[in-house]
Amino acid sequence: ANVMMGEYLINAQGEDVVAGIRTPQPIAKMKEVLPEAYDQFIKNINLLEKHFGDMQDVEFTVERGKLWMLQCRSGKRTGPAAFNIAASLVKEGLCSKEDALLRIESDHVKQVLH
């Protein structure tokens, strides 16, 4: 099963995250605090992953209850995670077996074999 991984900070700026001044909360907790923004966030993530055919690393903000998606990119992953994600992408119909295999880098294979 897919599990949303990530963290968020309430009433914070990007610098707070980078500087490590504050401790972020698990993204699932956002559902309790900002339920409408969280629901839209999940819809957007699903659309992005379907569009790009890959797990996404996203940055976002919520201002006055409105969700703003700032940027996204293919998420970094360890070797074992690369294989699991590739299998999930195929299983979910987000990409072909061939495309999934192309996403696995040589370093991912080395991590799994050693």
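(A) Inspection of the nonpolar core at higher detail. In terms of nonpolar packing, the biggest core is built from 11 residues, these being Y8, I27, M30, A37, Y38, F41, I45, L48, V58, F60 and L67. The set of elements that each furnish at least two residues to this core consists of α3 (35-52) and β3 (56-63). Per element, the largest residue contribution to this core is five residues, and it comes from α3.

(B) Highlighting the pattern of salt bridges. This model, assessed by the stated rule, comprises seven salt bridges. Ionic pairing is found between R103 and D54, a salt bridge with its closest N-O pair at 3.6 Å. Of this pair, R103 sits in the loop between α5 (97-102) and α6 (106-113) while D54 sits in the loop between α3 and β3; the two residues are 49 residues apart in sequence, bridging distant segments of the chain. For D54, a relative accessible area of 5% translates into the label buried. Taking the shortest distance from any N to any O, the salt bridge between D57 and R73 comes out at 3.6 Å. Residue D57 is found in strand β3, and its partner R73 is found in strand β4 (residues 66-74); the two are separated by 16 residues along the sequence. Since its relative accessible area comes to 35%, R73 is described here as partly exposed. Salt bridges here are not isolated pairs; linked through shared partners, they connect D54, R77 and R103.

(C) Expanded view of the side chain of Q56. Within the fold, Q56 resides in strand β3. Looking at Q56, its side chain comes within polar contact range of the main-chain oxygen of D54, at 3.3 Å. Discounting chain neighbours no more than four positions away, the residues touching Q56 are L48, E49, C72, R73, S74 and G75.

Criteria and thresholds
- In this convention, every chain numbers its residues from 1, walking through the sequence in written order.
- Since the coordinates come from a predicted model, pLDDT governs what is reported: local features require at least 70, and pairs of side-chain atoms require 80 or more to be given and counted, while whole-chain, interface and lining totals use all residues.
- Remark: hydrogens and water are excluded; side-chain values derive from all non-hydrogen atoms of the structure.
- In these notes, a set of buried Ala, Val, Leu, Ile, Met, Phe, Trp, Tyr and Cys residues joined through side-chain atoms within 4.5 Å is what counts as a nonpolar core.
- The buried label goes to any residue with under 20% of its type's maximum accessible area, the exposed label to any with over 50%, and the partly exposed label to all in between, with areas taken from a 1.4 Å probe on protein chains only.
- Each helix is a run of H or I in the DSSP string that is no shorter than four residues. Each strand is a run of E no shorter than two, and both are numbered from the N terminus.
- The term salt bridge refers to a side-chain nitrogen of Lys or Arg lying within 4 Å of a carboxyl oxygen of Asp or Glu.
- Polar contacts, as used here, are pairs of N or O atoms within 3.5 Å; protein pairs need one atom able to donate a hydrogen and one able to accept it. Residues neighboring in sequence count only if both atoms are side-chain atoms.
- Working rule for contacts: check all heavy atoms of both residues, and any pair within 4.5 Å makes them a contact.

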